[in-house]
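Structure at a glance
For reference, the chains in residue letters:
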Amino acid sequence: MTKLQINIDRLKHNLLEVGQIANSGEKGYTRLAYSKEEKAAIEWLKQKMINLSLSVKQDRLGNTFGRLGDVDQPAICFGSHLDTVPEGGLYDGALGVIVGLECIQTLIESGYNPEIPLELATFVGEEANPLGGTFGSRAVAGLVKHSNKFEKKLQSLNFTWDDVVSVIKKPTDYHCYLELHIEQGALLETIDKKVGIVTSIAGILRLSVRVNGKASHSGTTPMKMRKDALLDAAKLIQTVNNIAIDAGGNIVATVGEITASPNLANVVPGQVELMIEIRGSNWEEMKTVEEKIRKWMLENIDAEVAIAVEKQPNALTESIQKCIEEVCKSRNTAYKYMFSGANHDANSLTSITDVGMIFVPSKAGLSHHPDEFTSWSDIEIGANVMLETLLKLSKKYEKVNMAVEKS
Ligand code: HGY
Ligand code: MN
Ligand code: MN
């Protein structure tokens, strides 16, 4: 029996078309969270969903769902995000949404019986933003915590706390969630495998730090009499780097966000605000790194620290990983079980349903950059694995339904 195949030309056309929304040429793609560009891309997708006669729902945050089948039954949900980092790539997020669109269209054309409903989803605000990354999917999973400070951030983006509460879904809404995403690392390319079966997704621990110095005249303050906040911040950044390297395992740490004030050439920096991000696959290891950094700061510089983000690492569902593996084997697709150092909407969904992720290779592991690239042949391989995994999962849940009806 010939296997159902996606239409790669149509997939390519759709990815390039949605990519044109906010494509700034050699400077890459910029569709920031909650921006008019993200909204335009979601509108584009909504129209595609309507053209496929899916039942379309957009919640009060902008998360958008297109369902094939009964709205009152648990569905297999799949998708990703359409926002990007500034001057990002064509594939991060958008590829998962467009592959999902291609899968549901191929299944409709093949006469798929939606006894197990299918639901294509795109979540808002996945990339780092004032409301925190993976905001749309965390809100759907009921993971967003209230505070007066957070409510002010919501208002600055024309959202209310009621909007956040209104989008929460129940575990009974879904059988599972599946997401295809670019690897954003170089493992698959290096070992020449075409699919990554994600076992767990990195935890993220972000510490916002204020380094205190004393602003003074750069020409008249002797070197020995300075309290240079940026110099102390530089020592801190080097220490963070050393602690992360010594920690080994899947630990990584980054200072990617920093502002010095007054930020003038003729003033010794008086204050620095920076964000330390620690990621890893083991929460205790991550907290040990945090403690070592805090201890060094206490002993060496004048700084205040506050925790800005705490997202624990999450294991994905083994039965879904197994399902993806069986599909890869049946299609002779080389695969690798692997950890995801990048966070994804899939991480949020682990708190309300079973979750699986399929990675496709990233050229040279590059991502969050205009030159992000995945070949059409690798995309076609990954998309067909996604398509067959969806079919396999729907048969699995049909059997579950039948067993429940008999009992
Ligand atoms: O930060 C991340 O890992 C994701 O790209 N938002
Ligand atoms: Mn992403
Ligand atoms: Mn990203």
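Residues numbered from 1 in each chain as written. Chains lettered and ligands numbered in written order. Predicted model: local features only at pLDDT ≥ 70, side-chain atom pairs only at ≥ 80, totals over all residues. Heavy atoms only, no water.

1. Topic: the site of ligand 1
The environment of ligand 1 is made up of E126, E127, R279, A342, N343 and H368. Residue N343 places a main-chain N or O atom 2.7 Å away from an oxygen atom belonging to ligand 1. In this structure, an oxygen atom belonging to ligand 1 sits 3.2 Å away from a side-chain N or O atom of H368. Protein burial of ligand 1: of its 210 Å² of free accessible surface, 88% is covered by the chains. Its residues assigned to classes, the shell around ligand 1 shows one nonpolar, two polar and three charged. (Near = heavy atom within 4 Å. Polar contact = N/O pair within 3.5 Å; in protein donor to acceptor, adjacent residues only side chain to side chain. Areas by Shrake-Rupley, 256 points an atom, 1.4 Å probe, with all protein chains shown as cover. Nonpolar A, V, L, I, M, F, W, Y, C, P; charged D, E, K, R; others polar.)

2. Considerations on the pattern of salt bridges
Taken as a whole, this structure holds 25 salt bridges when the rule is applied. Here K46 makes a salt bridge to E43, at a shortest N to O gap of 3.6 Å. Separated by three residues within a single helix, K46 and E43 lie in helix α2 (residues 36-51), roughly one turn from each other. According to the relative accessible area criterion, K46 is buried, its value standing at 19%. For K194, the salt bridge identified is with D378, shortest N-O distance 2.9 Å. You can see K194 sitting in the loop between α7 (187-190) and β6 (195-201) and its partner D378 sitting in helix α12 (residues 376-406), a full 184 residues away along the chain. The exposure class assigned to D378 is buried, which follows from its relative accessible area of 10%. When salt bridges that share partners are traced, they join K287, E290, R294 and E310 into one network. (Salt bridge = Lys/Arg side-chain N within 4 Å of Asp/Glu carboxyl O. Helix = DSSP H or I, 4+ residues; strand = E, 2+ residues; numbered from the N terminus. Buried < 20%, exposed > 50% of the residue type's maximum accessible area, 1.4 Å probe, protein only.)

3. Quick look at the coordination of the manganese ion (ligand 3)
Donor atoms from the polypeptide that coordinate the manganese ion (ligand 3) comprise D92 (OD), E127 (OE), E127 (OE) and H368 (NE2), at 2.1 to 2.8 Å from the metal. Linear spacing of the donor residues for the manganese ion (ligand 3) on their chain is D-x34-E-x240-H. (Donors = N, O, S within 2.8 Å, 3.2 Å for Na, K, Ca; no water.)

4. So, the environment of L205
Within the fold, L205 resides in strand β7 (residues 203-212). Look at L205 and you get buried, because its relative accessible area is 0%. For L205 and M286, which are 81 residues apart along the polypeptide, the C-alpha to C-alpha distance reads 7.4 Å. For L205, the residues in contact, after removing those within four places along its chain, are I276, E277, I278, W283, M286, K287, E290, I307, V309 and E310. (Contact = heavy atoms within 4.5 Å.)

5. Looking at the domain arrangement of the protein
Partitioning the protein into structural domains gives domain 1 (8-201 + 313-406) and domain 2 (203-311). Relative to domain 2, the C-alpha centre of domain 1 lies at a distance of 34 Å. In this complex, domain 1 contributes nine residues to the contact, which on the side of domain 2 involves 10 residues. If you sort the residues of domain 1 by the area they bury against domain 2, P313, F339 and N343 come out on top, with a joint share of 63%. Taken together, the connections running from domain 1 to domain 2 amount to zero salt bridges. For the pair domain 1 and domain 2, the interface holds three residue pairs in polar contact (both at pLDDT 80 or more). Residues of the side of domain 1 that touches domain 2, tallied by class, amount to four nonpolar, four polar and one charged. (Domains from an automatic or database assignment. Buried area = accessible area lost by both parts, 1.4 Å probe.)

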